[in-house]
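# Summary of the model geometry
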Amino acid sequence: MSVRAPSGGKDVELAIGGMTCASCANRIERKLNRLDGVEATVNYATEKAKVHVPEAYDTQQLINEVQQTGYSATVPQAPAGGAGTVGEGNGDDPDGDGGSDPELTSLRQRLIGSAVLAVPVIAMAMAPALQFTYWQWASLVLAAPVILWGAFPFHRAAWMNLKHGTATMDTLISMGTLTAFLWSLYALFLGTAGTPGMKHGFEFTIAPSDGAANIYLEVGAGVTVFILAGRYFEKRSKRQAGAALRALLELGVKDVAVMRDGAEVRIPVADLAVGDEFVVRPGEKIATDGVVTAGSSAIDASMLTGESVPVEVSAGDTVTGATVNSGGRLVVRATRVGADTQLAQMARLVEDAQTGKAEVQRLADRVSGVFVPIVIAIAIITLGGWLGAGFPIAAAFTAAVAVLVIACPCALGLATPTALLVGTGRGAQMGVLIKGPEVLESTRKVDTIVLDKTGTVTTGKMTLVEVIAEDGVDEHELLRLAGALENASEHPIAQAIATAATEATGALPAPEGFANIEGQGVQGAVDGHAVIVGRESLLADWAVSLSADTAAGKARAEAEGKTVVAVSWDGHPKGVLVVADTVKPTSAQAIHELRALGLTPVLLTGDNTAVAQQIGAEIGIDEVIAEVMPQDKVAVVTRLQEQGKVVAMVGDGVNDAPALAQADLGLAMGTGTDVAIEASDITLVRGDLRSAVDAIRLSRKTLSTIKTNLFWAFAYNTAAIPVAAAGMLNPMLAGAAMALSSVFVVGNSLRLRGFRSISTD
């Protein structure tokens with residue numbers, strides 16, 4: 001679960017260095033949580049700590065505590081581009097090759113050097129034909145740097161753990177490799193293994209011997225190389241898993257052309273203030289969230305929302321930072337800058353989700369926290385058991401070392417956070433922002449999804465849907481004259497008619513003598529005609545009445561919940577215009593897909609029952625709850641929950657916020673209000689209901705991946721330890737298997753990068 005900031009405190013983020021397994025993260029978390037007033041969550045995969053502290057708490061105290069535990073801690077630097085405090089914290093290396101990550105670079109150097117030295121050691125040990133007269137001494141010369149220098153990070157970490165009275169995975173690796181090395185030294189210098197011409201073959205199982213003639217340099221060198229390789233590819237994959245967040249942060253622009261005294265002045269985007277007007281030329285990214293004050297263009301928001309169709313904007317329309325101006329020149333007034341922009345908020349949501357822990361991960365952390373001491377105990381029991389049964393010391397030693405090496409709980413610690421990293425990152429690329437890992441658990445259980453109508457299922461904007469003309473009247477002319485008069489009005493219905501008229505007929509003539517009759521309609525002169533547009537009662541005041549056929553069409557439209565406007569000019573009825581909030585073209589497909597996921601859709605609206613049922617029938621929803629007051633939406637959700645249903649709610653307005661918070665899973669349309677987004681668990685950046693389907697599918701897929709990873713990790717350790725203790729596994733093969741288990745878990749998580757939206761199928 002993510003650490004949430006209770007009132008009266010603050011959240012601090014720390015980048016943690018030196019962690020090598022989930023046990024390290026567990027240990028740091030326990031140490032921080034022992035401090036007064038501190039609540040900490042440490043994530044091994046992201047290498048970060050999210051800490052809630054009292055307002056006046058000195059961050060340096062947290063850093064000192066981490067350092068005293070044997071690790072490094074720093075406060076991440078805010079990235080360029082105005083993303084506030086959201087950052088990677090450990091350098092920026094999108095390709096994951098370690099270009100600017102000292103830890104990854106060091107790992108790569110140790111891996112290459114150790115592999116070059118270890119290959120001949122392993123080859124000589126496995127192939128008796130390569131064992132020349134003094135091969136064992138050559139093996140010592142080659143293996144010593146591998147075990148002492150290559151594995152030095154493991155020895156150093158084990159020593160730090162010992163000083164603090166704890167044990168981690170590094171303790172197992174260090175004990176295993178050093179024991180193999182020291183035993184080999186004993187056998188070479190004090191036993192018979194140093195005899196010129198000594199031979200021994202590689203065996204998959206234990207063979208009885210006196211021990212003094214056996215060396216295990218290939219075990220120490222091989223295990224070191226395999227584990228260094230596992231660590232390197234694990235760390236590299238973790239950085240690749242976080243690439244989506246880095247890409248999100250890099251969307252922002254670095255500088256911007258602002259208007260100063262009528263001239264353009266280029267300044268860093270960090271210096272941009274709310275209220276500043278800036279210029280966006282064709283092909284440029286919009287610097288920050290704002291409102292267009294001049295110009296018109298098409299905006300490509302695909303990088304931010306995943307929506308491929310450009311959106312037309314003009315004066316008065318809002319635009320989002322990091323989207324691309326693909327048309328004309330725009331002048332934009334900044335409304336939100338820095339950490340308040342949608343891009344920064346998206347990045348914060350993604351990182352919060354990646355830093356938190358799902359409940360299933362907490363179980364894995366508790367297991368890995370006690371796992372290492374148990375494994376050491378099992379290794380000691382294995383050694384004693386083999387010796388007590390009368391087997392040679394070499395056989396007992398080999399089995400004990402195999403237990404130490406095979407049992408490292410790397411995969412266990414990586415199972416959840418890597419899947420979470422990739423899943424939430426892929427969601428961000430698709431315009432689905434998952435607020436926290438606990439949300440994943442909710443999506444699995446949801447069986448009912450409540451959909452707010454306006455702005456969610458429908459566009460939320462009035463649109464002209466039908467023109468019914470009197471006999472002999474040209475529909476084109478009817479729309480042109482009515483649209484010209486309505487163009488002078490600010491009413492949403494008037495604007496819907498004017499917009500449709502402009503699209504159908506081109507530029508509209510300017511009306512003369514325009515007058516607004518409150519609650520009735522408008523009147524004026526257009527092209528020499530005395531035009532009236534409004535309620536049928538307004539026409540009646542001028543002794544004008546609709547024909548029977550037109551009146552029947554009007555009644556039919558009103559029965560469907562649509563709004564009808566009557567039109568007349570020169571004292572004669574000309575027809576009616578039908579306006580409605582139209583269903584989004586993708587809503588029906590979304591409902592079909594939600595049903596395929598096993599969810600029962602429920603339409604919730606404050607509109608009258610006729611309108612609601614008509615829209616429900618259009619998109620395939622059987623259960624419709626209409627005429628619900630905004631404050632009663634939460635009661636509807638509560639009632640469904642009391643019936644034993646696990647409820648998801650999708651909405652976009654301020655009035656949806658309480659219901660979104662009450663629901664077991666709240667999904668807010670990113671086109672909606674900040675209040676609704678804040679109250680939700682998942683934010684859908686696009687105003688497309690299919691995003692809700694993608695969100696649930698991706699969440700379930702991520703949770704499924706986590707469970708697969710955990711099953712593999714638990715099963716691997718459960719099965720491998722008895723095999724090793726029984727002497728059926730060479731320590732070098734144990735090291736390879738352990739490293740491969742971690743690589744498997746990370747690789748399985750990376751498969752989520754190929755998740756596809758239903759809108760692209």
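Residues numbered from 1 in each chain as written. Predicted model: local features only at pLDDT ≥ 70, side-chain atom pairs only at ≥ 80, totals over all residues. Heavy atoms only, no water.

## Remarks on the nonpolar core
Note the threshold: By nonpolar core is meant a set of buried Ala, Val, Leu, Ile, Met, Phe, Trp, Tyr and Cys residues that side-chain atoms within 4.5 Å join together. Between buried and exposed lies partly exposed: a residue is buried under 20% and exposed over 50% of the maximum accessible area for its type, with that area taken using a 1.4 Å probe on protein chains only. Strands here are runs of E lasting at least two residues and helices are runs of H or I lasting at least four, both read from the DSSP assignment and numbered beginning at the N terminus.
Counting residues in each nonpolar core, the largest one holds 42 residues, and the members touching the most others are Leu667, Ile682 and Leu689. Looking at which element gives the most residues to this core, the answer is helix α25 (residues 690–725), with seven residues. Ranked by size, the runner-up nonpolar core spans 37 residues in total, among them Leu140, Ala143, Ala151 and Ile227.

## Description of the packing of helix α4 (residues 135–150) against helix α5 (residues 152–163)
Note the threshold: A fitted line through C-alpha atoms represents every axis, and for helices the fit uses only the stretch in contact; the resulting angles, taken between N-to-C directions, go from 0 to 180 degrees. An angle below 35 degrees is read as roughly parallel, one above 145 as roughly antiparallel, one from 65 to 115 as roughly perpendicular, and any other as oblique. Throughout, a contact is declared for two residues whenever any of their heavy atoms are within 4.5 Å. For this classification, Asp, Glu, Lys and Arg are treated as charged, while Ala, Val, Leu, Ile, Met, Phe, Trp, Tyr, Cys and Pro are nonpolar and the rest, including Gly, are polar.
The contact between α4 and α5 brings their axes to 5 Å, and the two run at 45 degrees. For the element pair α4 / α5, the angle class is oblique. The segment α4 lies against α5, with Ile147, Leu148, Trp149 and Gly150 engaging Phe152, Pro153 and His155. When grouped by side-chain class, the residues that make up the contact of α4 with α5 number five nonpolar, two polar and no charged.

## Details of the side chain of threonine 341
Basically, it comes down to this: Here a polar contact means two N or O atoms within 3.5 Å. Within protein one must be a hydrogen donor candidate and the other an acceptor candidate, and residues neighboring in sequence count only if both atoms are side-chain atoms.
Examined against the element boundaries, threonine 341 turns out to sit in the loop between β13 (330–336) and α10 (342–355). For threonine 341, a relative accessible area of 7% gives the class buried. One polar contact links the side chain of threonine 341 to the main-chain carbonyl oxygen of glycine 338, over a distance of 3.1 Å.

## Notes on the sheet that holds strand β5 (residues 255–260)
For clarity, the threshold we go by: Two strands qualify as a pair provided that DSSP identifies no fewer than 2 bridges between them.
The six strands are arranged β6-β5-β7-β13-β8-β11 in an open sheet whose pairing can be described as antiparallel. The strands lining the two open edges of the sheet, one partner per strand, are β6 (263–268) and β11 (318–319). Where β5 and β6 come together, six bridges link them in antiparallel fashion. Opposite arginine 260, over in β6, you have alanine 263 as the bridge partner.

## Notes on the UniProt feature "transmembrane region" (unreviewed entry) in the protein chain
Note the threshold: UniProt positions are given in the numbering used here, feature names are shortened, and annotations may be inferred rather than shown by experiment.
Per the UniProt record, the feature "transmembrane region" (unreviewed entry) sits at residues 111–128, 134–152, 172–193, 213–233, 367–387, 393–422, 709–726 and 732–750. Across residues 172–193, helical content stands at 82% and strand content at 0%; the span's end C-alpha atoms are separated by 26 Å. Secondary structure over residues 709–726 splits into 94% helix and 0% strand, and the C-alpha atoms at its two ends are 26 Å apart.

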